[in-house]
Amino acid sequence: MQAMLVTDLYDQYLIDEKELITEEELCFEGWIKTNRDNGSIGFIELTDGTCFKTLQLVYNKENLTDYDTVAKYLTGCGIKAIGKLVLTPDAKQPFELQCTAIELLAPCDETYPLQKKRHSLEYLREIPHLRVRTNTFQAVMRIRSVLSMAIHEFYQSQGFVYVHAPIITANDAEGAGEAFIVTTRDDGNYKEDFFGKKTCLTVSGQLHVEAYALAFRDTYTFGPTFRAEPSNTPRHGSEFWMIEPEIAFADLDDNMELIEDMVRYCIQYVLERCPQEMEFCNEFIQKGIIDRLQAVVDSDFKRMTYTEAISILEKAKEDGVEFEYPVYWGCDLQSEHERYICEKVINGPVFLTNYPKEIKAFYMRLDDDGKTVAACDLLVPGIGELVGGSQREERYDELLKRMEDMHIPVEGMEWYLELRKYGGVKHSGFGLGFERFLMYITGVANIRDVLPYPRTPNNCMF
Ligand code: 4AD
Ligand code: MG
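Residues numbered from 1 in each chain as written. Chains lettered and ligands numbered in written order. Predicted model: local features only at pLDDT ≥ 70, side-chain atom pairs only at ≥ 80, totals over all residues. Heavy atoms only, no water.

> What's the story with the pairing of strand β5 (residues 78–87) in this structure? I'm lost.
Regular strands place side chains that alternate from one sheet face to the opposite one. Looking at chain direction, strand β2 (residues 26–37) and β5 are connected through 6 bridges and run antiparallel. Looking at the pairing, Trp31 lines up with Gly78 of β5. (Pairing = 2+ DSSP bridges. Helix = DSSP H or I, 4+ residues; strand = E, 2+ residues; numbered from the N terminus.)

This is the structure in structure tokens:
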């Protein structure tokens, strides 16, 4: 085969139709999605991975000496196709490739699991190395990539410093004992262990990034976090990614403003840059999702205190709404409560603020009433908690007291307390679960289907 212009679908679909190269021969490399023929003319739907759309290849007996061989190529084969692009204004695709040659690059046999029929998401979870070739995962994983950049661009464009918080850590940030232990021994003798002490995979980069916020003012982390909680739900991963901004000279209101700006910016970014993928989600994953997301971009997020939420939930109970878990001031809100508030009461994103101190982490700033803390959780329909954040306790004595009350050992946390001694100005931050955000944007209902290789209890394939 002679040398010729090798191109990809992404480039072709970007070009205005009038500028498409239709005179010269072009070469495309990709994989067969479908191949059908009637003995004299055949059609291959080709995907090359560079964009969501596919290319129709047309081949016929007159042009192709090996027509009969090509007609036998199966779904999944890697091929190279050469021909001229022809505009097809009446077809569902804007153009097709009239092939003069089709070369087999890599065979695929009939045991290939991804045949034309639709597969359940549950089945696809068993083949994470192949499921990424399906339309659903092509859409979701490209949006995942674009959403990552949206986050970076949002913060970078405002001068935030990106901090790589450590993955291996000597402290368990939330104090909840849900960390995976990192060890090279099998006897649990941490003193003799690799680091000479007990270490874990991080559950949150917050404490480490607080130190950076008190030097750079505006900072964020964006990295993997690990939780050994046995929660087997559609919203919990044992390994997930979290964005944790931390901003100095900022209170709870500044924090909520930042969360709201970020969520709106990122949704808009994805809607603009992934129109084909979002159309697919809109049609096949969650009907109407584009309109719902657009409404979120165009609206202000509602705010409500925990105390107000409790009275609404108590009222709902009186009116006959049934909750599995009890509702009373002081209770930790369950997913059913959170979803009732944002789905039934607000019908959109809502911040719940000022939770009882007993149910929140030790580092949250105590409110003047001495009962609640300056926390804010962002709840969204379909997901529940998307963001958890707070203003941090910047007063040394108050923080020490909270740690004592909550039995958090000071040993190993001296550095964190020291931040309060040396210019520890007020500061705030939050954590946004990246996968939950991706679920919210794509409409995917299970976290296992937005993680490339999900890790959940009893599940770590490859
Ligand atoms: O509410 P969380 O536990 O907050 C923190 O970790 C704080 N240190 C954050 C901070 O203030 N810097 O977690 C934050 C978010 C949750 O709102 C949720 O979206 C997500 O992280 N998240 C999970 N996502 C997937 N799987 C899990 N197991 C998750 N646990 C929390
Ligand atoms: Mg939380």
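On we go from here.
> Even after reading the chapter, I still don't get the packing of aromatic side chains, so can you show me in this structure?
Remark: the centre distance and the inter-plane angle together describe each pair of aromatic rings, the angle taken between the planes. One pass over the full model with this rule turns up 21 aromatic pairs. Between Phe362 and Tyr363, the ring centres sit 5.4 Å apart and the planes meet at 70°, which makes this aromatic pair edge-to-face. Here Phe362 and Tyr363 have matching classes, each one buried. Each residue in the set Phe154, Tyr155, Phe160, Tyr162, Tyr220, Tyr265 and Tyr269 is aromatic and connected to the rest through ring pairs, giving one cluster. The cationic tip of Arg273 hangs over the ring face of Tyr269; the distance from NZ or CZ to the ring centre is 3.9 Å. We note Arg420 situated over the ring of Tyr416; from NZ or CZ to the ring centre the distance is 4.2 Å. (Phe/Tyr/Trp six-rings, centres within 6.5 Å; stacked < 30°, edge-to-face > 60°. Buried < 20%, exposed > 50% of the residue type's maximum accessible area, 1.4 Å probe, protein only. Lys NZ or Arg CZ within 6 Å of the ring centre and 35° of its normal.)

> Help me understand the packing of helix α5 (residues 135–156) against helix α7 (residues 252–273) in this model?
Helix-helix packing is described using two parameters, namely the angle between the two axes and the distance between the axes. One way to put it is that α5 packs onto α7 with a least axis distance of 9 Å and a crossing angle of 135°. In terms of their interaxial angle, α5 and α7 are classed as oblique. Two packed elements cross with a definite hand, and for α5 against α7 that hand is right-handed. Across from Ile143, Val146, Leu147, Met149, Ala150, Ile151, Glu153, Phe154 and Tyr155 in α5, the residues of α7 making contact are Leu258, Asp261, Met262, Tyr265, Cys266, Tyr269, Val270 and Arg273. Classifying every residue of the contact of α5 with α7 by side-chain character gives 14 nonpolar, no polar and 3 charged. (Axes fitted to C-alpha atoms, helices over the stretch in contact; angles between N-to-C directions. Parallel < 35°, antiparallel > 145°, perpendicular 65-115°, else oblique. Left-handed = near helix turned anticlockwise from the far one by under 90°. Contact = heavy atoms within 4.5 Å. Nonpolar A, V, L, I, M, F, W, Y, C, P; charged D, E, K, R; others polar.)

> Before we go on, may I ask you to explain the sheet that holds strand β14 (residues 350–356) in this structure?
In sheet architecture, strand pairing relies on hydrogen bonds along the backbone and comes in two forms, parallel and antiparallel. An order of β7-β11-β12-β17-β16-β15-β14-β13 is seen for the 8 strands of this open sheet, with the pairing classed as mixed. Both outer strands of the open sheet, β7 (161–162) and β13 (302–305), are each paired with one neighbouring strand and no more. Here β7 runs beside strand β11 (residues 218–226); their pairing, made up of 2 bridges, is parallel. Bridged to Val161 within β11 is Thr219.

> Quick question: what am I supposed to make of the packing of α5 against helix α14 (residues 434–442) here?
Their axes nearest at 10 Å, the elements α5 and α14 cross at an angle of 120°. Between α5 and α14, the angle is such that the two are oblique. Once α5 is placed against α14, the crossing between them reads as right-handed. Touching Val140, Ile143, Arg144, Leu147, Ser148 and Ile151 of α5 are Phe434, Glu435, Phe437, Leu438, Ile441 and Thr442, all from α14. When grouped by side-chain class, the residues that make up the contact of α5 with α14 number 8 nonpolar, 2 polar and 2 charged.

> Sorry, what's going on with the nonpolar core here?
The tendency in soluble globular proteins is for nonpolar side chains to be buried side by side. Counting 86 residues, the largest nonpolar core has Ile102, Leu147, Tyr155, Ile267, Met278 and Phe437 as the members making the most contacts within it. With 11 residues, the top contributor of residues to this core is α7. Formed by 32 residues, the second largest nonpolar core is a distinct cluster that contains Leu313, Tyr340, Leu352 and Tyr363. (Core = buried A, V, L, I, M, F, W, Y, C linked by side-chain atoms within 4.5 Å.)

> Looking at this structure, I do not really get the sheet that holds strand β10 (residues 199–201). What am I missing?
Spatially, β8-β10-β9 is the arrangement adopted by the 3 strands of the open sheet, whose pairing is antiparallel. Both outer strands of the open sheet, β8 (168–169) and β9 (181–182), are each paired with one neighbouring strand and no more. Where β9 meets β10, 2 bridges bridge the pair, whose relative direction is antiparallel. Following the sheet pairing, Val182 is matched in β10 by Thr199.

> Help me understand unusual backbone geometry, please; the structure alone is not making it clear to me.
Its identity is not glycine, yet Arg217 carries a phi of approximately 70°, on the positive side. Note on placement: Arg217 falls in the loop between α6 (206–216) and β11. With a phi close to 60°, Phe249 is a non-glycine residue in the positive phi region. As for its placement among the helices and strands, Phe249 is situated in the loop between β12 (239–248) and α7.

By themselves these figures say nothing about function.
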